[in-house]
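# Coordinate analysis (summary)
This is what each chain is made of:
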Amino acid sequence: MSQDDQPYLPYGAPYGDQPPPSRGYGHLPPPVRSEPNVAAIVALTLNLFSVFSCCNVFGIVGAILAGRALGAGTRPEKARSYVTSSWIVLGAGFAVMAVLFLYLGVNGHFDD
């Protein structure tokens, strides 16, 4: 044990005055709490809703990405990138659907 591991203790110091042991060999790291990712749950719900209500095929990819974000667990940077990608795919899907409906409306496919 080196002097860097423990602070200097004078000779004969009482036992109660010693600092607690450091987290070195033989100690487990502190547990990491994994809280549910609300943004991933909302992205998953909206992507699945867009698949079933709007027939948005991009929503399938977005739902897969949101599911991967929920499964990322203790890697928040990975989960954040999956959620961001899921939101981008959802927005792109709605943009494609809006352009498609605009195109169909302008060309008269909705006229009776």
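See the structure printed just above.
Reading the values: rules and limits
Residues numbered from 1 in each chain as written. Predicted model: local features only at pLDDT ≥ 70, side-chain atom pairs only at ≥ 80, totals over all residues. Heavy atoms only, no water. Axes fitted to C-alpha atoms, helices over the stretch in contact; angles between N-to-C directions. Helix = DSSP H or I, 4+ residues; strand = E, 2+ residues; numbered from the N terminus. Parallel < 35°, antiparallel > 145°, perpendicular 65-115°, else oblique. Left-handed = near helix turned anticlockwise from the far one by under 90°. Contact = heavy atoms within 4.5 Å. Nonpolar A, V, L, I, M, F, W, Y, C, P; charged D, E, K, R; others polar. Expected span 1.5 Å × (residues − 1). Buried < 20%, exposed > 50% of the residue type's maximum accessible area, 1.4 Å probe, protein only. Arc of directions from axis to C-beta.

As a further point, take the packing of helix 1 (residues 38-54) against helix 2 (residues 58-70). Contact geometry for helix 1 and helix 2: axes closest at 8 Å, N-to-C directions at 160°. When the axes of helix 1 and helix 2 are compared, the pair comes out roughly antiparallel. Along this stretch, helix 1 crosses helix 2, giving a crossing that reads as left-handed. Contacts between helix 1 and helix 2 pair Ala40, Ile41, Ala43, Leu44, Asn47, Leu48, Ser50 and Val51 from the former with Gly59, Ile60, Gly62, Ala63, Ala66, Gly67, Ala69 and Leu70 from the latter. Tallied by class, the residues present in the contact of helix 1 with helix 2 amount to 11 nonpolar, five polar and no charged.

It is worth spelling out helix 2 at this point. In an α-helix there are 3.6 residues to a turn, and that puts residues three or four apart on one side. With 13 residues, helix 2 ought to run about 18 Å at 1.5 Å a step, and its terminal C-alpha atoms sit 19 Å apart, in line with that. Among the residues of helix 2, those classed as buried are Gly59, Gly62, Ala63, Leu65, Ala66 and Ala69. The buried residues of helix 2 occupy an angular sector of 165° when projected down its axis, which confines them to one face.

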